[in-house]
Amino acid sequence: MLLALIGYFAVQYNTTNGGGGAPHCTASVRTNPLGVDMTPEQAGNAATIAAVGVAKGLPDRALTIALATAMQESGLRNLPHGDRDSLGLFQQRTSMGWGTEEQIMDPVYSAGKFYDHLVQVKGYADLPLTEAAQEVQRSGYPEAYAKHESEAVVIAAAFAGDGELTCGGPAPAAPGDPEKVRTELTRIFAKSKTHTAPAEPRRTQDAAGKVKEAEVTFVEKKDGGASAARGSKVMAGWAVANSRGMAVVRVSYGPESWVAGQARGEWQQLGPAGPQGKAGAPDPHRAEDGSVRIFVAQ
(Lines give C-alpha, C1' and ligand atoms only; values in the text may rest on other atoms or scores of the structure.)
Protein backbone atom coordinates (compact mmCIF):
# COMPACT_ATOMS: atom_id res chain seq x y z
CA MET A 1 0.00 0.00 0.00
CA LEU A 2 2.82 2.42 0.83
CA LEU A 3 4.64 1.90 -2.46
CA ALA A 4 1.45 2.67 -4.35
CA LEU A 5 1.88 6.25 -3.21
CA ILE A 6 5.31 6.68 -4.79
CA GLY A 7 4.10 7.58 -8.27
CA TYR A 8 1.73 10.23 -6.95
CA PHE A 9 4.35 11.80 -4.72
CA ALA A 10 6.97 11.72 -7.49
CA VAL A 11 4.73 13.84 -9.72
CA GLN A 12 3.82 16.29 -6.96
CA TYR A 13 7.36 16.46 -5.66
CA ASN A 14 9.11 17.07 -8.95
CA THR A 15 6.75 19.78 -10.16
CA THR A 16 7.50 22.11 -7.27
CA ASN A 17 10.40 24.16 -6.03
CA GLY A 18 11.74 24.27 -2.52
CA GLY A 19 9.64 22.19 -0.16
CA GLY A 20 6.19 22.97 -1.53
CA GLY A 21 3.74 20.66 -3.22
CA ALA A 22 1.84 17.83 -1.59
CA PRO A 23 3.01 17.03 1.96
CA HIS A 24 5.03 13.81 1.89
CA CYS A 25 7.84 11.99 3.64
CA THR A 26 10.47 9.58 2.33
CA ALA A 27 12.55 7.09 4.30
CA SER A 28 15.77 6.07 2.60
CA VAL A 29 19.09 4.31 3.04
CA ARG A 30 22.22 4.42 0.91
CA THR A 31 21.73 0.85 -0.28
CA ASN A 32 18.15 1.46 -1.51
CA PRO A 33 17.90 4.33 -4.02
CA LEU A 34 14.09 4.15 -4.22
CA GLY A 35 13.23 4.71 -0.58
CA VAL A 36 9.77 4.37 0.94
CA ASP A 37 7.26 7.21 0.54
CA MET A 38 4.64 7.91 3.19
CA THR A 39 1.94 10.43 3.95
CA PRO A 40 2.56 12.68 6.97
CA GLU A 41 0.09 10.56 8.95
CA GLN A 42 1.94 7.35 8.13
CA ALA A 43 5.34 8.91 8.82
CA GLY A 44 4.19 10.28 12.16
CA ASN A 45 2.89 6.89 13.25
CA ALA A 46 6.03 5.14 12.02
CA ALA A 47 8.11 7.66 13.98
CA THR A 48 6.20 6.89 17.17
CA ILE A 49 6.59 3.13 16.68
CA ALA A 50 10.33 3.57 16.15
CA ALA A 51 10.72 6.01 19.05
CA VAL A 52 8.95 3.73 21.52
CA GLY A 53 11.19 0.84 20.50
CA VAL A 54 14.35 2.93 20.85
CA ALA A 55 13.17 4.26 24.23
CA LYS A 56 12.80 0.65 25.38
CA GLY A 57 16.37 -0.08 24.29
CA LEU A 58 15.29 -2.57 21.62
CA PRO A 59 17.33 -3.39 18.50
CA ASP A 60 16.49 -2.36 14.95
CA ARG A 61 15.13 -5.86 14.32
CA ALA A 62 12.36 -5.24 16.86
CA LEU A 63 11.52 -1.93 15.17
CA THR A 64 11.40 -3.66 11.79
CA ILE A 65 9.01 -6.33 13.08
CA ALA A 66 6.74 -3.74 14.68
CA LEU A 67 6.71 -1.51 11.61
CA ALA A 68 5.99 -4.38 9.20
CA THR A 69 3.16 -5.53 11.48
CA ALA A 70 1.55 -2.09 11.57
CA MET A 71 1.98 -1.72 7.81
CA GLN A 72 0.01 -4.91 7.29
CA GLU A 73 -2.59 -4.36 9.99
CA SER A 74 -3.44 -0.71 9.37
CA GLY A 75 -1.26 0.76 6.63
CA LEU A 76 0.40 2.80 9.42
CA ARG A 77 -2.89 4.55 10.14
CA ASN A 78 -4.48 4.78 13.57
CA LEU A 79 -7.78 3.20 12.55
CA PRO A 80 -10.83 3.64 14.83
CA HIS A 81 -12.32 0.41 13.47
CA GLY A 82 -11.42 -3.06 12.24
CA ASP A 83 -12.44 -6.71 12.31
CA ARG A 84 -14.79 -7.18 15.26
CA ASP A 85 -13.34 -5.01 18.06
CA SER A 86 -9.89 -4.48 16.50
CA LEU A 87 -8.53 -0.94 16.71
CA GLY A 88 -5.51 1.22 16.09
CA LEU A 89 -2.14 0.78 14.42
CA PHE A 90 -1.81 -2.88 15.32
CA GLN A 91 -5.53 -3.73 15.25
CA GLN A 92 -5.42 -4.79 18.89
CA ARG A 93 -8.65 -6.05 20.48
CA THR A 94 -10.15 -4.91 23.75
CA SER A 95 -11.74 -8.33 24.21
CA MET A 96 -8.32 -9.99 24.03
CA GLY A 97 -6.88 -7.95 26.88
CA TRP A 98 -4.88 -5.39 24.88
CA GLY A 99 -6.42 -2.47 26.78
CA THR A 100 -9.34 -0.08 26.64
CA GLU A 101 -10.41 1.57 23.38
CA GLU A 102 -8.82 4.84 24.51
CA GLN A 103 -5.54 3.12 25.33
CA ILE A 104 -5.35 1.18 22.08
CA MET A 105 -6.02 4.35 20.07
CA ASP A 106 -2.95 5.94 21.69
CA PRO A 107 -0.01 5.09 19.36
CA VAL A 108 2.51 5.29 22.20
CA TYR A 109 0.53 2.83 24.29
CA SER A 110 -0.27 0.43 21.44
CA ALA A 111 3.34 0.33 20.22
CA GLY A 112 4.53 -0.25 23.77
CA LYS A 113 2.12 -3.16 24.24
CA PHE A 114 3.26 -4.72 20.97
CA TYR A 115 6.90 -4.56 22.06
CA ASP A 116 6.05 -5.90 25.51
CA HIS A 117 4.58 -8.99 23.88
CA LEU A 118 7.33 -9.27 21.27
CA VAL A 119 10.16 -9.46 23.79
CA GLN A 120 8.39 -12.39 25.43
CA VAL A 121 8.86 -14.39 22.21
CA LYS A 122 11.99 -16.49 22.70
CA GLY A 123 14.65 -15.64 20.12
CA TYR A 124 12.35 -13.24 18.27
CA ALA A 125 15.27 -11.38 16.67
CA ASP A 126 16.44 -14.59 14.96
CA LEU A 127 13.02 -15.74 13.77
CA PRO A 128 11.63 -15.00 10.31
CA LEU A 129 9.72 -11.75 10.60
CA THR A 130 6.37 -13.32 9.84
CA GLU A 131 6.83 -15.89 12.63
CA ALA A 132 7.82 -13.29 15.22
CA ALA A 133 4.90 -11.03 14.28
CA GLN A 134 2.47 -13.93 14.31
CA GLU A 135 3.51 -14.94 17.82
CA VAL A 136 2.27 -11.54 18.95
CA GLN A 137 -0.69 -10.95 16.66
CA ARG A 138 -2.20 -14.41 16.12
CA SER A 139 -3.44 -13.29 12.71
CA GLY A 140 -5.59 -15.30 10.35
CA TYR A 141 -3.12 -14.35 7.57
CA PRO A 142 0.32 -14.80 9.14
CA GLU A 143 2.28 -14.85 5.87
CA ALA A 144 1.09 -11.34 4.97
CA TYR A 145 3.63 -9.64 7.27
CA ALA A 146 6.60 -10.82 5.21
CA LYS A 147 5.78 -8.66 2.17
CA HIS A 148 6.45 -5.49 4.19
CA GLU A 149 9.84 -6.50 5.58
CA SER A 150 12.09 -4.74 3.06
CA GLU A 151 10.20 -1.46 3.46
CA ALA A 152 10.15 -1.78 7.24
CA VAL A 153 13.94 -2.26 7.28
CA VAL A 154 14.34 1.05 5.41
CA ILE A 155 11.94 2.92 7.69
CA ALA A 156 13.62 1.56 10.84
CA ALA A 157 17.02 2.63 9.53
CA ALA A 158 15.70 6.10 8.66
CA PHE A 159 14.63 6.71 12.24
CA ALA A 160 17.18 4.77 14.28
CA GLY A 161 20.03 3.65 12.03
CA ASP A 162 22.13 4.94 9.16
CA GLY A 163 19.18 6.00 7.00
CA GLU A 164 17.42 9.33 6.67
CA LEU A 165 13.90 10.73 6.73
CA THR A 166 12.99 13.72 4.58
CA CYS A 167 9.61 15.46 4.60
CA GLY A 168 8.50 18.00 2.01
CA GLY A 169 5.49 20.23 1.65
CA PRO A 170 4.59 23.79 2.59
CA ALA A 171 5.71 25.33 5.88
CA PRO A 172 3.08 25.46 8.65
CA ALA A 173 0.59 28.29 8.22
CA ALA A 174 -0.63 28.25 11.83
CA PRO A 175 1.18 28.31 15.18
CA GLY A 176 1.86 25.17 17.15
CA ASP A 177 2.19 24.24 20.80
CA PRO A 178 5.82 23.65 21.86
CA GLU A 179 4.65 22.20 25.17
CA LYS A 180 2.82 19.46 23.27
CA VAL A 181 6.04 18.55 21.45
CA ARG A 182 8.02 18.47 24.69
CA THR A 183 5.34 16.51 26.57
CA GLU A 184 4.95 13.86 23.88
CA LEU A 185 8.67 13.16 23.51
CA THR A 186 9.15 13.27 27.27
CA ARG A 187 6.34 10.74 27.64
CA ILE A 188 7.94 8.38 25.12
CA PHE A 189 11.39 8.59 26.70
CA ALA A 190 10.33 8.93 30.35
CA LYS A 191 11.63 5.54 31.46
CA SER A 192 14.85 5.61 29.43
CA LYS A 193 16.04 8.79 31.19
CA THR A 194 18.69 9.43 28.54
CA HIS A 195 17.83 13.10 27.91
CA THR A 196 16.93 16.27 29.72
CA ALA A 197 14.77 19.13 28.47
CA PRO A 198 14.14 22.62 29.87
CA ALA A 199 10.78 23.04 31.57
CA GLU A 200 9.95 26.05 29.40
CA PRO A 201 10.54 26.52 25.66
CA ARG A 202 12.86 29.30 24.54
CA ARG A 203 11.09 31.85 22.35
CA THR A 204 12.78 33.72 19.51
CA GLN A 205 11.71 37.22 18.50
CA ASP A 206 12.08 38.94 15.16
CA ALA A 207 13.44 42.46 14.67
CA ALA A 208 10.04 43.94 15.53
CA GLY A 209 9.92 42.08 18.83
CA LYS A 210 7.26 39.61 17.70
CA VAL A 211 7.69 36.02 18.88
CA LYS A 212 8.43 33.97 15.77
CA GLU A 213 9.42 30.54 17.06
CA ALA A 214 9.51 28.55 20.28
CA GLU A 215 12.41 26.15 20.73
CA VAL A 216 12.28 22.80 22.53
CA THR A 217 15.72 21.27 23.14
CA PHE A 218 16.59 17.77 24.29
CA VAL A 219 20.12 17.16 25.56
CA GLU A 220 21.78 13.80 26.06
CA LYS A 221 22.97 13.01 29.56
CA LYS A 222 26.74 12.68 29.81
CA ASP A 223 26.58 8.99 30.68
CA GLY A 224 23.96 8.20 28.03
CA GLY A 225 26.36 6.63 25.55
CA ALA A 226 25.16 4.97 22.36
CA SER A 227 21.59 4.58 23.59
CA ALA A 228 21.27 8.34 24.13
CA ALA A 229 22.76 9.06 20.69
CA ARG A 230 20.26 6.66 19.13
CA GLY A 231 17.52 8.42 21.06
CA SER A 232 18.59 11.79 19.66
CA LYS A 233 18.46 10.40 16.13
CA VAL A 234 14.91 9.12 16.53
CA MET A 235 13.77 12.31 18.30
CA ALA A 236 14.95 14.38 15.35
CA GLY A 237 13.16 12.07 12.93
CA TRP A 238 10.02 12.10 15.06
CA ALA A 239 9.94 15.91 15.01
CA VAL A 240 10.31 16.03 11.22
CA ALA A 241 7.71 13.30 10.68
CA ASN A 242 5.24 15.13 12.92
CA SER A 243 6.10 18.61 11.61
CA ARG A 244 2.82 19.07 9.79
CA GLY A 245 0.63 18.23 12.78
CA MET A 246 2.85 19.93 15.35
CA ALA A 247 3.73 23.06 13.32
CA VAL A 248 7.45 22.28 13.52
CA VAL A 249 9.35 24.67 11.25
CA ARG A 250 12.94 23.57 11.88
CA VAL A 251 14.85 20.66 13.42
CA SER A 252 18.58 20.83 14.08
CA TYR A 253 20.56 17.70 14.87
CA GLY A 254 24.32 17.40 14.67
CA PRO A 255 25.76 19.50 11.83
CA GLU A 256 22.49 19.43 9.86
CA SER A 257 19.14 21.17 9.89
CA TRP A 258 15.76 20.41 8.35
CA VAL A 259 13.55 23.42 7.50
CA ALA A 260 9.86 23.16 6.60
CA GLY A 261 9.08 24.34 3.08
CA GLN A 262 12.70 24.50 1.95
CA ALA A 263 15.27 22.40 0.06
CA ARG A 264 12.68 19.84 -1.09
CA GLY A 265 12.35 18.64 2.46
CA GLU A 266 15.96 17.48 2.64
CA TRP A 267 18.43 17.93 5.50
CA GLN A 268 20.98 20.67 4.91
CA GLN A 269 24.53 20.94 6.20
CA LEU A 270 25.08 23.86 8.56
CA GLY A 271 28.37 25.69 8.31
CA PRO A 272 30.26 27.47 11.07
CA ALA A 273 28.48 30.69 10.14
CA GLY A 274 24.82 30.85 9.14
CA PRO A 275 23.28 33.32 6.68
CA GLN A 276 22.37 35.62 9.58
CA GLY A 277 25.59 35.10 11.48
CA LYS A 278 28.82 37.01 11.28
CA ALA A 279 31.94 35.50 9.77
CA GLY A 280 33.52 33.10 12.25
CA ALA A 281 30.42 33.04 14.46
CA PRO A 282 28.54 29.78 15.05
CA ASP A 283 25.36 29.16 13.10
CA PRO A 284 22.48 30.35 15.31
CA HIS A 285 20.45 27.26 14.47
CA ARG A 286 23.18 24.64 14.81
CA ALA A 287 22.70 22.03 17.53
CA GLU A 288 25.40 21.35 20.08
CA ASP A 289 26.83 17.84 20.07
CA GLY A 290 24.43 15.52 21.87
CA SER A 291 21.38 17.74 21.48
CA VAL A 292 18.27 18.06 19.32
CA ARG A 293 16.70 21.47 18.72
CA ILE A 294 13.05 21.61 17.63
CA PHE A 295 11.55 24.94 16.56
CA VAL A 296 7.77 25.37 16.59
CA ALA A 297 5.92 28.13 14.75
CA GLN A 298 4.32 30.85 16.91
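Residues numbered from 1 in each chain as written. Predicted model: local features only at pLDDT ≥ 70, side-chain atom pairs only at ≥ 80, totals over all residues. Heavy atoms only, no water.

1. Examining the pairing of strand β2 (residues 32-38)
How we decide: Two strands qualify as a pair provided that DSSP identifies no fewer than 2 bridges between them. What counts as a helix is a DSSP run of H or I of at least four residues, what counts as a strand is a run of E of at least two, and both are numbered from the N terminus.
With four bridges connecting them, strand β1 (residues 24-29) and β2 associate as antiparallel partners. Looking at the pairing, A27 lines up with V36 of β2. Adjacent in sequence and paired antiparallel, β1 and β2 are bridged by two residues.

2. Quick word on the sheet that holds β2
For clarity, the cut-off: For helices, the fitted line uses only the C-alpha atoms of the stretch in contact; every axis is such a line through C-alpha atoms, and the angle between N-to-C directions lies from 0 to 180 degrees. Any pair of residues with heavy atoms lying within 4.5 Å of one another is described as a contacting pair.
Across the sheet, three strands lie side by side as β2-β1-β5; this open sheet has antiparallel pairing. Edge positions in the sheet fall to β2 and β5 (164-168), since each has one partner strand and no second. Within the sheet, the average angular offset between the axes of one strand and its neighbour, ignoring direction, is 25 degrees. Contacts from helix α2 (residues 40-55) reach β1 and β2, with the element oriented near 100 degrees to β2. The sheet strands contacting helix α7 (residues 149-160) are β1, β2 and β5, and the helix crosses β1 at an angle near 95 degrees.

3. With respect to the layout of surface pockets
Convention followed: Here a cavity denotes a set of grid points, spaced 1 Å apart and computed over the protein atoms alone, in which a 1.4 Å probe fits but from which it cannot get out, and a pocket denotes an open set meeting protein on both sides within 12 Å along at least five of seven lines; residues with an atom within 4 Å of a point are reported as lining. Grid points are joined across faces, edges and corners, and a volume is the space filled by probe spheres set on the points. Only Asp, Glu, Lys and Arg are considered charged in this grouping, and only Ala, Val, Leu, Ile, Met, Phe, Trp, Tyr, Cys and Pro are considered nonpolar; every other residue, Gly among them, is considered polar.
The volume enclosed by the second largest pocket comes to roughly 510 Å³. Contributing to the lining of the second largest pocket are 20 residues, with S86, Q137, R138, S139 and G140 lying nearest its centre. Of all the secondary structure elements, the ones that give two or more residues to the lining of the second largest pocket are α3 (60-74), β4 (92-93) and α6 (129-137). For the lining of the second largest pocket, the residue count by class is seven nonpolar, eight polar and five charged.

4. Things to note about the packing of α7 against helix α9 (residues 225-241)
A pair of packed helices can be characterised by two numbers: the angle between their axes and the separation between those axes. Spelled out, the test is: Relative orientations are named as follows: roughly parallel for angles under 35 degrees, roughly antiparallel for angles over 145 degrees, roughly perpendicular for angles from 65 to 115 degrees, and oblique for any other angle.
At their nearest, the axes of α7 and α9 sit 7 Å apart, and the two run at 110 degrees to each other. With respect to each other, α7 and α9 are oriented roughly perpendicular. Contacts between α7 and α9 involve A157, A158, F159 and A160 on the former and, on the latter, R230, K233, V234, G237, W238 and A241.

5. Looking at the nonpolar core
Burial of nonpolar side chains together is a common tendency in soluble globular proteins. Where we set the bar: Side-chain atoms within 4.5 Å are what join buried Ala, Val, Leu, Ile, Met, Phe, Trp, Tyr and Cys residues into a set we call a nonpolar core. Only protein chains enter the accessibility calculation, which uses a 1.4 Å probe. A residue is then buried if its area is under 20% of the maximum for its type, exposed if over 50%, and partly exposed in between.
If you look at the biggest cluster of nonpolar residues, it comprises 77 residues, and the most contacted ones within it are I49, Y115 and L165. Sorting elements by how many residues they give to this core places α2 first, with nine residues. With residues near it in sequence (within four places) discarded, L165 still touches C25, T26, A27, M38, A158, F159, G237, V240, A241 and W267.

6. Some words on α6
Counted residue by residue, α6 has seven buried out of nine residues, so it is predominantly covered. Of the positions making up α6, those classed as buried are L129, T130, A132, A133, Q134, V136 and Q137. The inward-facing, buried residues of α6 contact α3, α5 (107-118) and α7. Phi for R138, located one or two positions after α6, is positive at around 55 degrees.

7. Here's the deal with the state of the cysteines
Note on terminology: a disulfide is the covalent bond linking the sulfur atoms of two cysteines. Here is the rule we go by: The definition used for a disulfide is geometric: two cysteine sulfur atoms within 2.5 Å.
In this structure the tally under the stated criterion is one disulfide. Here C25 engages in a disulfide with C167; their sulfurs sit 2.1 Å apart. Between C25 and C167, the disulfide has an S-S torsion of 110 degrees and is therefore right-handed. One end of the pair, C25, is in strand β1; the other, C167, is in strand β5, with 142 residues separating them in the sequence. As far as the burial class goes, C25 and C167 line up, both buried.

8. Thoughts on the packing of aromatic side chains
Condition: Working definition: a ring pair exists when centres of Phe, Tyr or Trp rings (six-membered ring for Trp) sit within 6.5 Å. Plane angles under 30 degrees give stacked, over 60 give edge-to-face, the rest tilted.
Under the counting rule described, the total for this entry stands at two aromatic pairs. Judged by centre distance (4.8 Å) and plane angle (15 degrees), the ring pair of F90 and F114 falls under stacked. In this pair, F90 is assigned in the loop between β3 (86-87) and β4 and F114 in helix α5, connecting sequence segments 24 residues apart. We note that F90, like F114, is buried. Measuring from centroid to centroid gives 6.2 Å for F114 and Y115, while their planes differ by 75 degrees, and the two rings are edge-to-face. Comparing F114 with Y115, the two get one shared label, buried. Put simply, the rings of F90, F114 and Y115 touch in pairs and so form one group of aromatic residues.

9. Observations regarding the side chain of Q134
The residue Q134 is located in helix α6 in this model. When neighbours within four sequence positions are excluded, Q134 is seen to be in contact with S139, P142 and Y145.

10. Observations concerning unusual backbone geometry
For residues that are not glycine, phi is negative in most cases, and the peptide bond is trans in most cases. Unlike most non-glycine residues, L76 shows phi in positive territory, near 60 degrees. Of note, L76 is situated in the loop between α3 and β3. Of the residues examined, L76 reaches a relative accessible area of 0% and is grouped as buried. Non-glycine residue K193 carries a positive phi angle of around 55 degrees. You can see K193 is positioned in the loop between α8 (178-188) and β6 (195-196). On the accessibility criterion, K193 (58% relative accessible area) is exposed.

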